[in-house]
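Results of the structural survey
Each chain is listed here by its residues.
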Amino acid sequence: MSLLLTIDTDPNFAPKQAVPDPERLISGNPAYKTWAQDASKGEKVLTGIWEATPGEHHSIKGTVYEFCHILSGVVEIDEKGGETMTYRAGDSFVMKPGFVGVWRTIETVRKIYVCVYD
């Protein structure tokens, strides 16, 4: 088994489909697709592709550290008590453990994610 992983940004297998939990939904009718591509360290490090259609939901990271690289689309992220940041294709960011805010998908977004669970 190789220790080098190439992330397929246009996977040809069926994604896991989901919607936000009702208590997290703010507006719209966003739908999520996840193409999980790797799980390491006993499922504590997850990597893959995630896509969301327009809408707005509460984002609460808890103990999760998440790195994101936007492949397409536009999102706005409002950190509670902070400023609003806009991310587009080519942008990368990290949401650290304890992050609380609002994720607003303006244009259908696709991202590479790496999540590290405590």
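Heads up: the structure comes first, above all this text.
Computed from a predicted model, the values in this text were never measured in an experiment.

Moving on, we come to the environment of Leu3. Note on placement: Leu3 falls in the segment before strand 1 (16–18). With 29 residues separating them along the chain, Leu3 and Tyr32 place their C-alpha atoms 29 Å apart.

Residue alternation in strand 8 (residues 92–95) divides its side chains into a buried set, Phe93 and Met95, and an unburied set, Ser92 and Val94. When strand 6 (residues 65–79) meets strand 8, the two strands line up antiparallel, connected through four bridges. Bridge pairing links Glu66 to Met95 in strand 8.

It is worth spelling out unusual backbone geometry at this point. Even without being glycine, Lys41 reaches a positive phi, approximately 55°. Within the element layout of this structure, Lys41 appears in the loop between strand 3 (32–40) and strand 4 (45–52). Given the relative accessible area of 68%, Lys41 is considered exposed. We note that Glu43 has phi near 70°; this positive angle belongs to a residue other than glycine.

Cut-off values and rules
- Residues numbered from 1 in each chain as written.
- Predicted model: local features only at pLDDT ≥ 70, side-chain atom pairs only at ≥ 80, totals over all residues.
- Heavy atoms only, no water.
- Helix = DSSP H or I, 4+ residues; strand = E, 2+ residues; numbered from the N terminus.
- Buried < 20%, exposed > 50% of the residue type's maximum accessible area, 1.4 Å probe, protein only.
- Pairing = 2+ DSSP bridges.

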